[in-house]
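Read off the chains here:
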Amino acid sequence: MITRTVIRRGLRLLALALAVLVALAGVLAATLRLQFTGAPAAWAKSTGNDALWLGHAWVDGRRTERDVERLAARLRTTGIKDVYVHSGPFEVDGRLDPAKYPHAGNFVKWLRRHAPGIRISAWLGQRVDGHLDLDDPRSRANVLSGVAAIMTRGFDGIHYNFEPIGDGDTDFLDLLERTRRHTSLLSASTPQIEPYPGLRVAARAALGHDKYWSQGYFGQVAARVDQVAVMTYDSYLPFPSLYGGHVARQARLALDLVPEDKALYMGAPAYHDHGLSYLDAAESVAMAAEGARLALTDRGRRERFGLALYVDFAATEEDWREYMTRWR
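Along every chain, residues carry numbers that run from 1 in the direction the sequence is written. At least 70 in pLDDT is required for a residue's local features to be given in this predicted model, at least 80 for side-chain atom pairs to be given and counted, and no such filter applies to totals for whole chains, interfaces and linings, which use all residues. Where side-chain values are given, they derive from all heavy atoms of the structure, hydrogens and water being excluded.

### Quick word on the overall build of the chain
Tallying secondary structure elements over the chain gives eleven helices and ten strands in all. Between the two quantities, the radius of gyration covers C-alpha atoms and the globule rule is 2.2 Å times the number of residues to the power 0.38. Relative to a compact globule of 328 residues, whose C-alpha radius of gyration would be 20 Å, the chain shows 21 Å and is just as compact. Projected onto its principal axes, the C-alpha positions of the chain cover 75 × 50 × 35 Å. Taking the intrachain contacts of the chain between residues at least 6 apart in sequence as the baseline, contacts between residues at least 24 apart amount to 81%. The protein chains shown are the only cover counted for residues, whose accessible areas, like all others here, come from Shrake-Rupley with a 1.4 Å probe. On the chain, roughly 14,600 Å² of surface is accessible, and the fraction owed to carbon and sulfur atoms is 56%. Note that His is not counted, nor are the chain ends; the positive residues are Lys and Arg, and the negative ones are Asp and Glu. A charged residue contributes its charge at one atom only: NZ of Lys, CZ of Arg, CG of Asp or CD of Glu. Taking the average location of the 41 positive side-chain charges in the chain and that of its 38 negative ones, the two points are 3 Å from each other. Each helix corresponds to a stretch of at least 4 residues labelled H or I by DSSP, and each strand to a stretch of at least 2 residues labelled E; elements are numbered beginning at the N terminus. Note on contacts: a residue pair qualifies if any of its non-hydrogen atoms lie within 4.5 Å across the two residues.

Listed below in structure tokens is the structure:
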């Protein structure tokens, strides 16, 4: 029988645990807010090495050459030099059905005609938590066969986006290394870097998978690709200043970990379906740009550093205005 004393003791322990969590959340918020202080240098902005994720409509026949011409006209006014066009996803066994990208060759041809300076990568991936098993050598072999096939459509490179890849996953490193046989331009979307010690373990306990990568594993992935795009959005932070501080922290860490001969992109949220209105208000292209500029100011000039806008079909004119005025 549970006594009142036991119940009171349990309630006190619960109250103490909640107080500790609130205090830790307050410390984290204050720390991120400090990351967002100061004024960025005038030179800390786009060097003309930015990127853009493009939706599937560009390769499945819904977009025409006229659409590509309009896209190229917009891109010419920006610093975007890389586009990642969604051309998958892989099947659960790793196969990539060519029926998913029937017009990829046309898209590549048209964009080269209207925007010849843009590099075009096939954006490929899948969920790996109960869907595609990258630990299975046969699945990885199927992925590589799909990569080889889609590269015949004229793409410059491959852009991987598998989620969620756990910290320390050696099979993903193996896939990156073997993909080199099929493309000279390899890029990857990555989770956020653990911002402070202990947060990776805490987030994993809460979510059931890694939200953050350790600095060591992030560095191992960066060493195997040409371009890294850190997905700094979906931070769950409630205020713009905290999100800006989050991006600044991620950018500072990444600038220290990614060699200067590789391209580093900070993902900028040009979408508005977080599910909660306060999250839509907190995360923006403007705050991502400001955080990136503050980090760049601290770490010094970096030519191959930019923003990667996610994603074209959700981006509003306000998103584009923020990119052009806050980053360009």
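### Examining the pattern of salt bridges
By convention in these notes, a salt bridge is any Lys or Arg side-chain nitrogen within 4 Å of a carboxyl oxygen on Asp or Glu. Using the criterion set out here, one finds 23 salt bridges in the structure. Note that Glu91 and Lys100 form a salt bridge whose closest N and O atoms lie 3.0 Å from each other. Of the residues examined, Glu91 reaches a relative accessible area of 25% and is grouped as partly exposed. Here Asp93 and Arg95 are joined by a salt bridge, their closest N and O atoms 2.8 Å apart. Among the charged side chains, a salt-bridge network with shared partners connects Arg140, Asp171, Asp174 and Arg178. For each residue, the accessible area found with a 1.4 Å probe, counting protein chains only, is set against the maximum for its type, and the residue is called buried under 20%, exposed over 50%, and partly exposed in between.

### Some remarks on the side chain of Gln35
Of note, Gln35 is situated in helix H1 (residues 4-35). Within the structure, Gln35 has its side chain in polar contact with the side chain of Arg252 (distance 2.5 Å). Contacts of Gln35, omitting those with residues within four sequence positions, involve Tyr196, Gly245, Ala248, Arg249, Arg252 and Leu294. Pairing of N or O atoms within 3.5 Å defines a polar contact, subject to two protein rules: one partner must be a possible hydrogen donor and the other a possible acceptor, and residues neighboring in sequence count only if both atoms are side-chain atoms.

### What to know about the sheet that holds strand S2 (residues 80-86)
Pairing between the strands of a sheet comes from backbone hydrogen bonds, and it takes one of two forms, parallel or antiparallel. Strand order in this closed barrel of eight strands is S1-S2-S3-S4-S5-S8-S9-S10, and the pairing throughout is parallel. Sheet twist, expressed as the mean angle between neighbouring strand axes with direction ignored, is 25°. Should DSSP find at least two bridges between two strands, the strands are regarded as paired. Sheet analysis places strand S4 (residues 157-163) next to strand S5 (residues 186-190), joined by three bridges and oriented parallel. Each residue of the ladder has a partner; that of Tyr160, found in S5, is Ala188. Angular values range over 0 to 180 degrees, each being the angle between N-to-C directions of two axes fitted as lines to C-alpha atoms, with helices fitted over their stretch in contact.

### Here we look at the pairing of strand S3 (residues 119-127)
Walk down a regular strand and you will see the side chains alternate between the two sheet faces. A large share of S3 lies buried, amounting to seven of its nine residues. Sheet topology note: the S2/S3 ladder contains five bridges and is parallel. By the bridge assignment for S3, Val85 is matched with Ala122. In this view, the connection linking S2 to its parallel neighbour S3 by way of helix H3 (residues 104-114) has right-handed handedness. As judged from the seven bridges shared by S3 and S4, these two strands associate in the parallel manner. Bridge pairing in S4 places Ser121 opposite Gly157. By convention, orient the strands away from the viewer: a clockwise path from the first strand over the helix to the second makes the crossover right-handed. At this point the chain moves from S3, through helix H4 (residues 137-151), to the parallel S4, and the crossover so formed is right-handed.

### Overview of the confidence of the model for the chain
Residues at a pLDDT of 70 or more form 91% of the chain, whose mean pLDDT is 92. In the predicted structure, residues 15-24 sits below a pLDDT of 50 and forms zero contacts with residues beyond four places in sequence or in another chain. pLDDT measures the predictor's confidence residue by residue and takes values from 0 up to 100.

### Observations concerning the pairing of strand S9 (residues 263-269)
Taken across its seven residues, S9 has seven buried, putting it largely inside the fold. Neither face of S9 is left uncovered, since the one carrying Ala263, Tyr265, Gly267 and Pro269 and the one carrying Leu264, Met266 and Ala268 both have all their residues buried. Note that S9 and strand S10 (residues 305-310) share six bridges and pair parallel. In the sheet register, Pro269 faces S10, and the bridge partner there is Tyr310.

### Some points on the nonpolar core
To define a nonpolar core, start from buried Ala, Val, Leu, Ile, Met, Phe, Trp, Tyr and Cys residues and group those joined through side-chain atoms within 4.5 Å. Residues Phe107, Leu111, Tyr160 and Phe162 are the most contacted members of the largest nonpolar core, which totals 94 residues. If one sorts the elements of this core by residue count, helix H10 (residues 285-299) sits on top with nine residues. Discounting chain neighbours no more than four positions away, the residues touching Leu111 are Val68, Leu71, Ala72, Val83, Pro116, Ile118 and Ile120.

### A few points about the packing of aromatic side chains
Stacked, edge-to-face and tilted are the three classes for Phe, Tyr and Trp ring pairs, Trp counted by its six-membered ring, which pair at centre distances within 6.5 Å; planes under 30 degrees apart are stacked, over 60 edge-to-face, the rest tilted. Per the stated rule, a full pass over the model turns up 16 aromatic pairs. For the pair Trp53 and Tyr233, a centre-to-centre distance of 6.4 Å together with 80° between the ring planes defines the contact as edge-to-face. Taken as a pair, Trp53 in strand S1 (residues 50-54) and Tyr233 in the loop between strand S8 (227-230) and helix H8 (240-257) lie far apart in primary sequence, 180 residues in all. Aromatic pair Phe162 and Phe172: ring centres 6.2 Å apart, planes at 75°, arrangement edge-to-face. With Phe162 in strand S4 and Phe172 in helix H5 (residues 170-179), this residue pair connects regions lying ten residues apart in the sequence. Comparing Phe162 with Phe172 shows no difference in burial state: the two are buried.

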